[in-house]
Each structure stands twice: as structure tokens, then as C-alpha cells.
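# Structural characterization, general
In case you want the letters, here they are:
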Amino acid sequence: MMGSKWWKVGELAKQTGLSVRTLHYYDEIGLMKPSHHTESGYRLYATEDIVRLQQIKSLRQLGFSLEEIRDCLDSPDFTPQRVIQLHLERLREQIALQQRLSDRLEAIAASLDAAEDICVDKFIEIIEAITMFEKYYTPEQLEELKQRRQVLGEERIQKSQVEWQELIEQVRVEMEKGTDPTSEPVQLLARRWRNLIEEFTGGNPEIEKSLNTMYQQEGPEVASRNSFDTRICDYISKAIAVLKSTARHRVLP
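## Some thoughts on the nonpolar core
Core analysis: the largest hydrophobic core is formed by 26 residues, its most contacted members being Tyr137, Val171, Trp193, Ile232 and Ile236. Per-element accounting of this core gives the leading share, seven residues, to helix α12 (residues 230-251).

Shown next as C-alpha cells:
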């Protein structure tokens, strides 16, 4: 049972750290209206309003827009417990990310202790990789990728990097020659491209989806660390689309 205490807008603003203007705005857009008004028109907030405000703050921190928050909170299926659970899940993800970052920094520190000189570019690469991967992959996906790397082994990882470089150059040559993406030579390259991606993702469609999102958001140049550009990406994407279409037609009765 909720309590009967009332808060004036100034008191609520002071205790929550929000501005009076923000609370007024929430009222104006129908996101959080006070339960009561005094005879002179002053807003009075009840405990139920505070619960709603907590939900708003949690959902905002999770990245929801004000319109999305209003739709959620107006739904009878969206309970305070659900909001708190969502917030807890996000906090746990952030804690896990911070722990992995801590582990990586400790590894860098150990390298510094053991080496006399480390190239600055190496630090830049590490920062870029950490930032992009933790932005686009979930903690579970990052853990799966880590385990996959252990399964493949460093020797295979290094070999695949060489294969990627050779494959990208071969695709570049065919593109500059004007070879049709549907031609057999390019289709063979597309098949090798797909095989290397599947080796990286382990066949996990969600990891591949995150990989594609990273390339779409960051652009091929940044995501591949200048290994290839948008032109090559578009060219091989057309070839892969044909490859997938052909594979679907083969399995249809």
C-alpha cells in the first residue's frame, strides 16, 4: 500500500536532483502528471508519482526516448518490477564490460613492464578495438568470441588474417577489372569471404548481425581498420547476395 505523503514540485525537484522545469515538462507532455493540485493550482505529487518517476529515470538511462517511455508506462503489462529488472540487466552488462576493460588494461600494464618500447599506434589500435567491439557486441557475444579464439588458436588466427588480406586484394582486382559480381570467379571469392566470416562468428547469426551493424554504423574503412573501403564492401556484398540467393534456390523443392 502506497503512503499518503505529498510532495510539492520544488521539494520533489530538490530531492531527486531534477529541475522544476523538467517536472513541469513531464506534466505538459503527459509523461508524469501530479496526482493532485491544491486549490491555488500548485502541483502535489504522491508516492505513486515517485514510482513512475523512478521508472522514467531508469528507462531514460537505458536509452528510451520520452515517447517510448510514455508508451511503455501506459501499457498495463509494463510493471515497476519489469523496469527495475531491465535496469539491473543493463547495469550488470556495464559491470561486465568494465571488468573486461580492467583485464585488458592489466595485460597492457604487464606488457609495459616487460618491454622497453611500445609503439603508440598499438595503443590506438587497442582503444579502437575495445571501443567498437564493446559498442556493438553483447557481453555474451564477446565471451563467445573469446572462447572461439581459444578454440581456433593463435596460429589459425594469424593465418586467417593473412587469408583475409589476400582475399581482399583479389576482390579489389576483380572489382577494378569490372568483373560482374555474378560471375564464377567472383562467386568463388564470395564463398571464401563467407567462410572466413563464419569461422569468426562460429555460425552464430546474432554475432554476424552485430558484425554487420558495426560495419553499417562505423563504415567499412573504420570497422576493417582501413583493410578495405566502401566500394569493395558494396561489390562483395552484391556477390554474396547472389551466392545466398543461389543457395536458397538449391534447397527449395
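## As for the sheet that holds strand β3 (residues 43-45)
Read across the sheet, three strands follow the order β1-β3-β2 without closing on themselves; strand pairing throughout is antiparallel. Among the strands making up the open sheet, the edge pair consists of β1 (7-8) and β2 (36-37). Inspection of the sheet shows β1 paired to β3 by two bridges, in the antiparallel sense. Among the inter-strand pairings, Lys8 is bridged to a residue of β3, identified as Leu44.

## Considering the environment of Ile50
The topology assignment puts Ile50 in helix α3 (residues 47-61). Residues Ile50 and Pro34, spaced 16 residues apart in sequence, show a C-alpha to C-alpha distance of 9.6 Å. In contact with Ile50, not counting residues within four places along its chain, are Trp7 and Leu12.

## A closer look at the packing of helix α7 (residues 139-152) against helix α9 (residues 184-201)
Contact geometry of α7 with α9 gives a least axis separation of 8 Å together with a crossing angle of 110°. In this view, α7 runs roughly perpendicular relative to α9, as classed from their interaxial angle. For the pair α7 and α9, contact is made by Glu144, Leu145, Arg148 and Leu152 and by Glu198, Glu199, Phe200 and Thr201, respectively. Its residues placed into classes, the contact of α7 with α9 shows three nonpolar, one polar and four charged.

## Some points on the packing of aromatic side chains
Counted under the stated rule, the structure contains three aromatic pairs. Between Trp164 and Trp193, the aromatic rings sit 5.0 Å apart at their centres with planes inclined by 90°, giving edge-to-face as the arrangement. With Trp164 in helix α8 (residues 154-177) and Trp193 in helix α9, the pair connects residues that are 29 residues apart, well separated along the chain. A centroid spacing of 5.9 Å and a plane angle of 5° characterise the contact between Tyr215 and Phe228, whose relative ring orientation is stacked. Within this pair, whereas Tyr215 is found in helix α10 (residues 205-218), its partner Phe228 is found in the loop between α11 (220-223) and α12, the two being separated by 13 residues in sequence. Residue class for Phe228 comes out buried when judged on its relative accessible area of 7%. By way of ring pairs, the aromatic residues Trp164, Trp193, Tyr215 and Phe228 are connected into one cluster.

## Some points on the side chain of Arg52
Mapped onto the secondary structure, Arg52 falls in helix α3. Beyond its immediate sequence surroundings of up to four residues, Arg52 is in contact with Gly30, Leu31, Met32, Leu73 and Asp74.

## So, the side chain of Gln187
Relative to the helices and strands, Gln187 resides in helix α9. Take Gln187: its relative accessible area is 7%, and that puts it in the buried class. With near-sequence residues (within four places) excluded, Gln187 lies in contact with Pro181, Thr182, Ala239, Val242 and Leu243.

## Concerning the environment of Met175
Position of Met175 relative to the elements: it lies in helix α8. Accessibility expressed as a relative area gives 13% for Met175, which makes it buried. The contact partners of Met175, leaving out residues within four places of it in the chain, are Arg231, Ile232 and Tyr235.

About the cut-offs
Residues numbered from 1 in each chain as written. Predicted model: local features only at pLDDT ≥ 70, side-chain atom pairs only at ≥ 80, totals over all residues. Heavy atoms only, no water. Core = buried A, V, L, I, M, F, W, Y, C linked by side-chain atoms within 4.5 Å. Buried < 20%, exposed > 50% of the residue type's maximum accessible area, 1.4 Å probe, protein only. Helix = DSSP H or I, 4+ residues; strand = E, 2+ residues; numbered from the N terminus. Pairing = 2+ DSSP bridges. Contact = heavy atoms within 4.5 Å. Axes fitted to C-alpha atoms, helices over the stretch in contact; angles between N-to-C directions. Parallel < 35°, antiparallel > 145°, perpendicular 65-115°, else oblique. Nonpolar A, V, L, I, M, F, W, Y, C, P; charged D, E, K, R; others polar. Phe/Tyr/Trp six-rings, centres within 6.5 Å; stacked < 30°, edge-to-face > 60°.

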